[in-house]
Structures are given as structure tokens and as C-alpha cells.
Amino acid sequence: MQSESIIKPAVHELWHFYTWYSVGKKLEKELGNVKYNDFNESLTVLLNVECADLMPAGVKDEGYPHHQQMREKIQQAWFENRSIDALTNAELF
């Protein structure tokens, strides 16, 4: 179904909006643009955990190859304390 092909990118981009409005402005000032972008793109790993029901069956947000290590750290930290704010204090870089 064609509508399924737009669901993944739509959910992915909505997650970026959520990140920006919840912690993004503060983090971009603290980390700088490059590190914030790495965090923002890596954070989409949580779509696989918290938003899997919004994605088409069997579809996952795989992320970029150079963010895989940070995505693993984010996922581990998320399971310890399901808080975006806690993630901003985790040692991810």
C-alpha cells in the first residue's frame, strides 16, 4: 500500500519535531549544531521501542550507519530511565 511508504518518514520527522520542542533548543546551545544533529538523528532509535505500533508491520527506523553506536547507547539508557531529559545527561558522545 502506498500510504505505508510515507508513514515511516512521517513518524521519523514528527519525532524530530518532538525532540526539538522538548529538549532541542537547549541542547543545540550546549552541544553545538553538529553534536545536536547526531543526538537528534540517533534518538529516532526510540521509534522502534515506543512507536512501533505507528509503523507499518515489520518496518524499523534503522538510522544512519555512523550513528549506530550512539543509537545503542540511547536505547540502553532509555531502558534504565525512560526520560528524554535523562538521555540528555547520559554519556553519549
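Residues numbered from 1 in each chain as written. Predicted model: local features only at pLDDT ≥ 70, side-chain atom pairs only at ≥ 80, totals over all residues. Heavy atoms only, no water.

Student: Is there a simple way to think about the nonpolar core in this case?
Tutor: Inside soluble globular proteins, nonpolar side chains tend to come together where they are buried. Trp15, Phe39, Leu43, Leu46, Ile74, Ile84 and Leu87 are the most contacted members of the largest nonpolar core, which totals 19 residues. Broken down by secondary-structure element, the contributors of at least two residues to this core are helix H1 (2–31), helix H2 (33–42), helix H3 (46–50), helix H4 (68–80) and helix H5 (84–89). Those residues in contact with phenylalanine 39, other than ones at most four positions away along the chain, are Thr19, Val23, Leu27, Met70, Ile74, Leu87, Thr88, Leu92 and Phe93. (Core = buried A, V, L, I, M, F, W, Y, C linked by side-chain atoms within 4.5 Å. Buried < 20%, exposed > 50% of the residue type's maximum accessible area, 1.4 Å probe, protein only. Helix = DSSP H or I, 4+ residues; strand = E, 2+ residues; numbered from the N terminus. Contact = heavy atoms within 4.5 Å.)

Student: How should I be thinking about a nonpolar patch on the surface in this particular structure?
Tutor: On the surface, a nonpolar cluster with roughly 400 Å² of combined accessible area is contributed by Leu14, Phe17 and Tyr21. The topology assignment puts phenylalanine 17 in helix H1. (Patch = residues over 30% accessible without salt bridge, like charges linked within 9 Å, V, L, I, M, F, W, Y side chains within 5 Å. Areas by Shrake-Rupley, 256 points an atom, 1.4 Å probe, with all protein chains shown as cover. Salt bridge = Lys/Arg side-chain N within 4 Å of Asp/Glu carboxyl O.)

Student: What am I meant to see in H4 here?
Tutor: Taking 1.5 Å of rise per residue, the 13 residues of H4 would be expected to cover 18 Å, and the 19 Å separating its terminal C-alpha atoms lies within 8% of that figure. Restricting attention to buried positions, one finds in H4 the residues Met70, Arg71, Ile74, Ala77 and Trp78. Down the axis, H4 shows its buried residues gathered within 130 degrees of arc, on one side only. Opposite its buried face, H4 presents the exposed residues Gln69, Glu72, Gln76 and Glu80, each directed more than 90 degrees away. Those residues of H4 hidden inside the fold are in contact with H2, H3 and H5. (Expected span 1.5 Å × (residues − 1). Arc of directions from axis to C-beta.)

Student: Help me understand the packing of H2 against H4 in this model?
Tutor: If you want to describe how two helices pack, look at the angle between their axes and the distance between the axes. Direction vectors running N to C along H2 and H4 enclose 65 degrees, while the axes themselves pass 9 Å from each other. The handedness of the crossing between H2 and H4 is right-handed. The residues of H4 that touch H2, namely those facing Asp38, Phe39, Glu41 and Ser42, are Met70, Arg71 and Ile74. When the residues that make up the contact of H2 with H4 are grouped by side-chain class, the tally is three nonpolar, one polar and three charged. (Axes fitted to C-alpha atoms, helices over the stretch in contact; angles between N-to-C directions. Left-handed = near helix turned anticlockwise from the far one by under 90°. Nonpolar A, V, L, I, M, F, W, Y, C, P; charged D, E, K, R; others polar.)

Student: Can you help me understand the pattern of salt bridges in this one?
Tutor: Any two side chains of opposite charge can pair, on the condition that their charged atoms come close. All chains considered together, the criterion is met by two salt bridges. Arginine 82 is the salt-bridge partner of glutamate 50, the closest N and O atoms lying 2.2 Å from each other. Highlighted residues: glutamate 50 in helix H3 and arginine 82 in the loop between H4 and H5, separated in sequence by 32 residues. Take glutamate 50: its relative accessible area is 34%, and that puts it in the partly exposed class.

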